[in-house]
Amino acid sequence: MSLVIKPQNPTNPHFVGMASGVDLKSPLDEQTIKAIDDGMNQYAVLVFRDQPLTQDQQIDFSVQFGPLDSGLRKATGAPTRFKHEQLIDIGNVAMDGSVATKDNKKLIGVLANQLWHSDSSFQDLPVKYSMLSAVVVPEEGGQTQWADLRAAWDDLPENTKKYIEKKTGWHSAFHSRILLGDNDYTQEQLSKFPPVERSLVFTHPESGRKVLFPSVHISEVSGISIPEGRLLVAELIEHATQPKYVYSHDWRPGDYVIWDNRATLHRGTRYDLTVRRDLRRTTTLERSFVPETV
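As a starting point, this report considers the structure included with it. In this text, all values refer to a predicted model and were calculated from it rather than measured experimentally. (Residues numbered from 1 in each chain as written. Predicted model: local features only at pLDDT ≥ 70, side-chain atom pairs only at ≥ 80, totals over all residues. Heavy atoms only, no water.)

## Observations regarding the overall build of the protein
Part 1 of the argument: Looking only at helices and strands, one finds 9 helices and 16 strands in the protein.
Part 2 of the argument: Computed over C-alpha atoms, the radius of gyration of the protein comes to 18 Å, within 12% of the 19 Å expected from 2.2 N^0.38 for 294 residues, which places it in the range of a compact globule.
Part 3 of the argument: Along the first, second and third principal axes, the C-alpha set of the protein runs to 50 × 45 × 45 Å.
Part 4 of the argument: By residue count, 53% of the 294 residues in the protein fall in the buried class.
Part 5 of the argument: The long-range share in the protein, meaning contacts at least 24 apart out of those at least 6 apart in sequence, stands at 81%.
Part 6 of the argument: On the protein, roughly 13,700 Å² of surface is accessible, and the fraction owed to carbon and sulfur atoms is 52%.
Part 7 of the argument: Across the protein, the mean location of the 33 positive side-chain charges is 2 Å away from that of the 38 negative side-chain charges. (Helix = DSSP H or I, 4+ residues; strand = E, 2+ residues; numbered from the N terminus. Rg over C-alpha atoms; globule rule 2.2 N^0.38 Å. Buried < 20%, exposed > 50% of the residue type's maximum accessible area, 1.4 Å probe, protein only. Contact = heavy atoms within 4.5 Å. Areas by Shrake-Rupley, 256 points an atom, 1.4 Å probe, with all protein chains shown as cover. Lys, Arg positive; Asp, Glu negative; His and termini not counted. Charge placed at Lys NZ, Arg CZ, Asp CG, Glu CD.)

## Description of the packing of aromatic side chains
Part 1 of the argument: Tallied over the entire structure, the rule returns 9 aromatic pairs.
Part 2 of the argument: Chaining the aromatic ring pairs together yields one cluster made of Phe61, Phe65, Tyr129 and Tyr256.
Part 3 of the argument: Here the guanidinium or amino end of lysine 105 rests over the ring plane of tyrosine 185, the centre of that ring lying 5.3 Å away.
Part 4 of the argument: Here the basic side chain of lysine 167 rests over the ring of tyrosine 163, its NZ or CZ set 4.1 Å away from the ring centre. (Phe/Tyr/Trp six-rings, centres within 6.5 Å; stacked < 30°, edge-to-face > 60°. Lys NZ or Arg CZ within 6 Å of the ring centre and 35° of its normal.)

## Some thoughts on the sheet that holds strand S12 (residues 218-221)
Part 1 of the argument: Reading across the sheet, the 3 strands line up as S9-S8-S12 and stay open at both edges, with antiparallel pairing between neighbours. Each edge of the sheet is formed by a strand with only one pairing partner; in this case those strands are strand S9 (196-199) and S12. If you compare each strand with its neighbour and ignore which way they point, the axes differ by 35° on average.
Part 2 of the argument: Strand direction decides the pairing type here: strand S8 (residues 168-171) and S9, joined by 4 bridges, are antiparallel. In the sheet register, threonine 168 faces S9, and the bridge partner there is serine 199. (Pairing = 2+ DSSP bridges. Axes fitted to C-alpha atoms, helices over the stretch in contact; angles between N-to-C directions.)

## A few points about helix H9 (residues 226-240)
Part 1 of the argument: Given a rise of 1.5 Å per residue, 15 residues ought to cover 21 Å, and the 21 Å separating the end C-alpha atoms of H9 matches this to within 8%.
Part 2 of the argument: Every buried residue of H9 is listed here: Gly229, Leu232, Val233, Leu236, Ile237, His239 and Ala240. Angularly, the buried residues of H9 cover 160° about the axis, an arc narrow enough to put them on a single face. Within H9, the exposed residues directed more than 90 degrees away from the buried face are Pro227, Leu231 and Glu238. (Expected span 1.5 Å × (residues − 1). Arc of directions from axis to C-beta.)

## With respect to the environment of serine 219
Part 1 of the argument: Looking at the element boundaries, serine 219 is found in strand S12.
Part 2 of the argument: In the structure, serine 219 is positioned 47 residues away from serine 172 in sequence and 6.5 Å away in space, judged by C-alpha atoms.
Part 3 of the argument: If we ignore the near neighbours within four places in the chain, the residues touching serine 219 are Trp170, Ser172, His175, Ile226 and Arg230.

Nothing here speaks to function; it is geometry throughout.
So, in structure tokens, the structure goes:
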């Protein structure tokens, strides 16, 4: 059976596809990999149901789409409960397997994920896809929402397009966390991820569509004052996350969702932090990228 993708989002049939016909636990041939890439270029988000994966299986599947990156943990040095450094913990489970208590620092990451962002835009790396595997999910809350930054650009007023098209934003790894009151970082940690300059508007390298690219990671915008820049970013995020651009996913165990960080913003929604939520993320870089060896 080959890959089948059907539109999932009734408000925007070109955003979010329901994918089936592929066993993610098995190695993919080049034709299937290309079909998934083509689907991503069209829909930006693909949802696979009933695909529970072990840690090894998620790594094996993800790496077929490019080198993997472990994100912010490269700076914080936070311990992981997973066997692979490239698995990123998107849950509230402590190192001992219990639900993390309120004084556990990892909950800052859980809360920061509730702000609209694109994964690892604060790194000077060609970040491409993120993939999230649902293991345990709460009965209420804890959805993930994605916003279509291509459609958001298309609908911007012309005067706003002209104002922002040549501007850049400085993406900082710790900006959103400091906004939440988490400022307990050493200079060594901060220096590992210096701010990265990215255009507020760019052309997607594969779909050819223009993309609006605001993010909560942006601390400054080129050519204007810091307050003006932050208000501009807030305005652009507000525009890009209107309901007509957003898909909200109700998780089931075994769900596997892939999204393109170059075409979307996403966030988690609020849930009861005393209830277990265990999701595991991998993030890929563009296939042509060769990671530095140490």
